[in-house]
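For reference, the chains in residue letters:
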Amino acid sequence: MEKLVLIGNGMAGIGCLEQVLRHDHKFDITVFGDETHVNYNRIMLSSVLAGEKSADDIVMNGLDWYRRHGITLRLGSRIVGIDSERRLVSADDGSVTPFDKLIIATGSSPFIPPMDGTHRDGVFVFRTLDDTRALLERSGPGVKAAVIGGGLLGLEAARGLQVQGCNVTVVHLMSNLMERQLDTTGAGLLKSQIERLGVNVMLNRSASQILGNGKVEGISFKDGSGIEADLVIIAAGIKPNVELARTAGLRVNRGIVVDDFMETSHPGIYAVGECVEHRGVCYGLVAPLLDQGKVLAAAITGNCAPGFAPAVPATKLKIMGVEVFSAGTWDEASAGGEVVRYEDPSLGVYKKLVVKENKLVGFILVGDTAESPRYLEMLRSGKDLASIRKHLLFPPPAEDDGQQVAEMADSATVCGCMGVTKGAILEAIQQEGVCTLAQLKDATRASTGCGSCTDLCRGLLKAAAPEFEEESAKVLCACVPFAEEQLREMVRSQRLRSVQDVLDIYGNGAGCEKCKPALSYILDVIWCGDHQEDRSARFINDRVHANIQKDGTFSVVPRMRGGVTSPDELRRIADVADKYSVRMVKVTGSQRLDLLGVKKADLPKVWADLGMPSGQAYTKGVRMVKTCVGTEFCRFGVQDSTATGIELERRLENLFTPHKVKMGVVGCPRNCAEATVKDIGLIGQEGSWQVVVGGAAGKTVRKADVLVTVETTEKALEAAFIFFQYYREQANYLERTYDFVERVGIEHVRRETIYASPAVKQGLLDRLAKSKALSYDAWLEGAKPRNTTQFVEIQPLDKVTQ
Amino acid sequence: MSRKSRWIRITEGENIPVREGRAIEVEGRGLAVFNLGDRFLAVENRCPHRGGPLSDGIVAGSVVVCPLHAWKVCLEDGQVTKPADQTACVASYRTRVEGGVISIQFPAQERAVNPAAAELLPLPAGMEEQGLKLEPAAG
């Protein structure tokens, strides 16, 4: 078999290999990568730095991919020499590998502008996963970070560091940020949006020296001024890695010179990616590099294809909340075109289209990039705009969801990063039966780059795939526009321990009645109580541990485990009702007693007099376990439902859940305590228990699904605990078990809970135990309130004389 | 009834946790006083919808969300901001902090008053007590 060697395990090289594997031609492939990681999405490193993604999330091809395709992967192994005559490559570990065809994809390195002191401890570049990890380690609240370079990478790095708590200053040589992508107006808006995020911006500053004594202490500028800094990140551009090619005798200018089919000056040796120079141009954006890979893959597998012809470049800034998109020739003077413009400084929105002879040749979008696919398509297709000029800036409102998709031609590019057209996606849907976004990613790689075409892909699936179901990753709230799953990851990876931190860093700083309680819950379930609980972020019920009524008074429901009480408790309840003039004592549907109409100021005294724990009837938490009398008294009972229910309640009480959790335990299938319409139900049978989940008897009625049938009470309780914790960790806030089970499917729930590996089950039980150990009866706060004025009525200091 | 305003000292600022409100009765009027972290704001403690206690609401920026049915009331001017089509409002009161003590100006702000112009009319220090003596509450 022909031996194909790839030097470089980055996006361009592996992107090319992915294409090679699609062709019939078989190679014996070896990949050398000097980083020690499998192939990852370098574009997404800024999202890792900002905590929106973990390192695992950005892996593009895991080890199993290399294995599946029989590719030999040599990680941490750097090629130091190419013998183009004998057709061998030698690595720094002394090994020598022969090749028939060689692809050089060595990428680029950060460009370090000439200045003194770049060797000091605390100077970083931002290029690799290791750089990102090192930055994450050194950054944190109070750390002063200076980013040299106000381009795409510099700004994304700055935002990431600021999210980590650093005080960040961006130092830029030019008078405009992102001057290669934006005009002065766009750059000005971008600057104010970046500053609004809390990042300082200094323009027209040229660094001359990085100061410090061993460690970085600051930067001095050529104009004599300077700033303090503990960290300096240099993001001033990239330079192609060409030394290896140069010493091998290949033709090299700024990059490795290739022809239209990516062949270097030596036959059989090819180059692809950022290290390449094609017709005098080096490319740094992902889309043209993947195009190069496609051309090369076709060429070396003996397939005739058109040569590399770069598409119009397009750039998108990936900072949450700061939208910038730029493409083509946006400078009207150099384009010789006219400008169609919309500008709203208060909204921070700027749209500029440069039109020449009724064709779009370039555009800039700041503040609102929703229309970027439409403009990009106009730009790349060279469509005549005469008939739609009136609707250039404000398109006619779409009549249906599928319109944007329907309006696109099959040749239109949906995913600019991976170069996937609408036609290719439709083909995958129709011929390969793709019907989810994940399958589409696997089949076409669409939306695996920057992710900005995800909505469009979803729209295509919705329109064309008969079995498409909307993935329910809805954002939590406009205040903090992320799906709850993402928020959980952010809270975990960024070690955020208060609601206000999450809102300040990822949201609008204010929050609202919807997101604040949800974030409170997310923090609670992740840190199991080991966090800064912010009562102001919680509903009044959770501040005073009682349920607010329409007149502003509260209801008090003490816990009666399993619905079992005693004459002594009943006497105390009666005394409390008398003493505090409780307006109504009500038997609830949950086998408990509700004392209605208690004044807030009386709550601590009521709790003390009751001498019973909180029934949590006011919160999204464990409510109760309803039981029948079971074997204890009932002549039909076959299981001890009362004792089992009391035990279940005792083991889960005081815990918070995404929504309220009501449970039931019955001693025989007659189901007197209605276990089949509870969130968790245990149904006693002769010699076994059936554990059911996801039942409801509220706004909707839903019969619970059987989770499992087990022989012993211990096993029944364990199954209930495992499901309970799984629900706590995976459900969205305010999602009842019956919605949750329907959304993810009972088969999936079974797979992830009772059929999961022992380690997974133990993990769920351990985390439940940890939460339980840190939980407590909220009514104990009656004697020791979180805040001294929580229950008292504040009296004005100035006594008013009547 | 006289419109002359006076300042009434309410309570120490630390008695109201950040982003929370507390109910305080002043001269028979129920007030809700909020700590927004950088300032204190006071409004009538009665949602225009069904009379809910605004002091028990969640604070969202400079808006409070009524705990009963989630109407939103702006703490700066007392205007209902949600539902959007509601024109109802509650009285709002000017506040100031001196020596860590929150004071509230009675009577409530005129809604039409230009806040910039109102800034020109604070009472000199020491006048509050006099004001109180001169202006007993009606009734």
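Here is what the cut-offs are and how they apply
Residues numbered from 1 in each chain as written. Chains lettered and ligands numbered in written order. Predicted model: local features only at pLDDT ≥ 70, side-chain atom pairs only at ≥ 80, totals over all residues. Helix = DSSP H or I, 4+ residues; strand = E, 2+ residues; numbered from the N terminus. Buried ≥ 20, exposed ≤ 12 C-beta atoms within 10 Å, placed from the backbone. Contact = placed C-beta atoms within 7 Å. Core = buried A, V, L, I, M, F, W, Y, C linked by C-beta atoms within 7 Å. Pairing = 2+ DSSP bridges. Axes fitted to C-alpha atoms, helices over the stretch in contact; angles between N-to-C directions. Nonpolar A, V, L, I, M, F, W, Y, C, P; charged D, E, K, R; others polar. Parallel < 35°, antiparallel > 145°, perpendicular 65-115°, else oblique. Right-handed = clockwise from strand over helix to strand, strands pointing away. pLDDT = per-residue confidence, 0-100. Arc of directions from axis to C-beta.

Let us now look at the overall build of chain B. Within chain B one finds two helices and eleven strands. Beginning at the N terminus, the succession of helices and strands in chain B can be written as β-β-β-β-β-β-β-β-β-β-β-α-α. Within chain B, buried positions represent 38% of all 139 residues.

In this section: the overall build of chain A. On a plain count of helices and strands, chain A comes out with 26 helices and 41 strands. Counting every position in chain A, which comprises 802 residues, the buried fraction comes to 47%. Here the contacts in chain A between residues at least 6 apart in sequence split such that 62% fall between residues at least 24 apart.

Quick look at the nonpolar core now. Of all hydrophobic cores here, the largest spans 220 residues; its most connected members are Ile104(A), Val147(A), Val232(A), Ile233(A), Ile256(A) and Val73(B). In terms of residue count, the dominant contributor to this core is helix H8 (residues 286–300) of chain A (ten residues). Setting aside residues no more than four positions away along its own chain, Val147(A) makes contact with Gly154(A), Ala157(A), Ala158(A), Val168(A), Val170(A), Val171(A), Ile233(A) and Ala235(A). In terms of nonpolar packing, the next biggest core, distinct from the first, is built from 42 residues, Cys628(A), Ile683(A), Val708(A) and Val749(A) among them.

All names here are of chain B. The strand order across the open sheet built from three strands is S1-S11-S10, with neighbouring strands paired in antiparallel fashion. The open sheet has two free edges, formed respectively by strand S1 (6–12) and strand S10 (95–98), since each of these has just one partner strand. Each strand of the sheet is rotated relative to its neighbour by a mean of 35°, with strand direction disregarded. The sheet contact formed by S1 and strand S11 (residues 101–106) spans six bridges and is antiparallel.

Time to look at unusual backbone geometry. Cis peptide bonds are those with omega within 30 degrees of zero, and the linkage from Lys82(B) to Pro83(B) qualifies with 5°. Residue Pro107(B) follows Phe106(B) across a cis peptide bond; omega there is -10°. As for its position among the elements, Pro107(B) is in the loop between S11 and helix H1 (115–118). Of note, the phi angle at Met178(A) is positive, near 45°, even though the residue is not glycine.

The interface of chain A with chain B comprises 21 residues on the first partner and 30 residues on the second. Looking at the side of chain A that touches chain B residue by residue, the class counts come to nine nonpolar, seven polar and five charged.

When two helices pack together, you describe them by how their axes are tilted relative to each other and by the distance separating the axes. Residues and elements named next belong to chain A. Closest axis-to-axis distance for the helix H23 (residues 713–730)/helix H26 (residues 758–774) pair is 9 Å, and the angle between their directions is 75°. As the angle between them shows, H23 and H26 are arranged roughly perpendicular. Of H26, the residues touching H23 (which contributes Phe-721, Ile-722, Phe-724, Gln-725 and Tyr-726) are Lys-761, Leu-764, Leu-765, Arg-767 and Leu-768. Grouping the constituent residues of the contact of H23 with H26 by class yields seven nonpolar, one polar and two charged.

The subject of this paragraph is the pairing of strand S1 (residues 2–7) of chain A. Residue and element names in this part refer to chain A. For S1 and strand S2 (residues 27–33), the ladder comprises six bridges, and the chain directions are parallel. What sits directly across from Lys-3, in S2, is Asp-28. Between S1 and its parallel partner S2, the chain crosses via helix H1 (residues 11–22), and the hand of that crossover is right-handed. Relative to strand S7 (residues 101–104), S1 runs parallel, the two being bridged by four bridges.

Turning our eyes to something else, we now look at the pairing of strand S4 (residues 79–83) of chain A. All names here are of chain A. Judged from the four bridges that link them, S4 and strand S5 (residues 88–91) form a sheet pairing that is antiparallel. Residue Gly-81 lies in a different strand from S5, and its bridge partner there is Ser-90. Counted along the chain from S4 to the antiparallel partner S5, the turn is four residues long, and its residue Arg-87 has a positive phi close to 55°.

All right, on to the sheet that holds strand S14 (residues 215–221) of chain A then. Residue and element names in this part refer to chain A. Across the sheet, which stays open at both edges, the three strands sit in the order S13-S14-S15 with antiparallel pairing between neighbours. Edge positions in the sheet fall to strand S13 (207–213) and strand S15 (226–228), since each of these pairs with one other strand and no more. Each neighbouring strand pair of the sheet contributes to a mean axis angle of 25°, computed without reference to strand direction. Sheet topology note: the S13/S14 ladder contains six bridges and is antiparallel. Each residue of the ladder has a partner; that of Ala-207, found in S14, is Phe-221.

The residue Glu467(A) is located in the loop between helix H14 (454–464) and strand S29 (475–477) in this model. In sequence terms Glu467(A) and Cys435(A) are 32 residues apart; their C-alpha atoms lie 5.9 Å from each other.

Our next topic: the environment of Gly237(A). Residues and elements named next belong to chain A. Mapped onto the elements, Gly-237 comes out in the loop between strand S16 (231–234) and strand S17 (238–240). Taking the number of C-beta atoms within 10 Å as the measure of exposure, Gly-237 has 16 and is therefore partly exposed. Counting along the chain gives 125 residues from Gly-237 to Ile-112, while the straight-line C-alpha distance between them is 7.9 Å.

On to the confidence of the model for chain B. With 76% of its residues at a pLDDT of at least 70, chain B reaches an overall mean of 79. In the predicted structure, residues 112–139 of chain B sits below a pLDDT of 50 and forms 19 contacts with residues beyond four places in sequence or in another chain.

A few words now on helix H15 (residues 484–493) of chain A. Residue and element names in this part refer to chain A. Within H15, the full set of buried residues consists of Glu-484, Leu-487, Met-490 and Val-491. All buried residues of H15 fall inside an arc of 115° around its axis, so they share one side. The elements touched by buried residues of H15 are S29, strand S30 (480–483), helix H16 (499–506) and helix H17 (515–527). Immediately downstream of H15, the backbone of Arg-495 shows phi near 50°, a positive value.

Residues and elements named next belong to chain B. Assignment of secondary structure puts Gly-100 in the loop between S10 and S11. Of the residues examined, Gly-100 has 9 C-beta atoms within 10 Å and is grouped as exposed. C-alpha separation for the pair Gly-100 and Thr-11, spaced 89 residues apart in sequence, amounts to 8.6 Å.

Within H14(A), burial applies to Leu456(A), Cys457(A), Leu460(A) and Leu461(A). Projected down its long axis, H14(A) shows its buried positions confined to an angular sector of 140°, all on one face.

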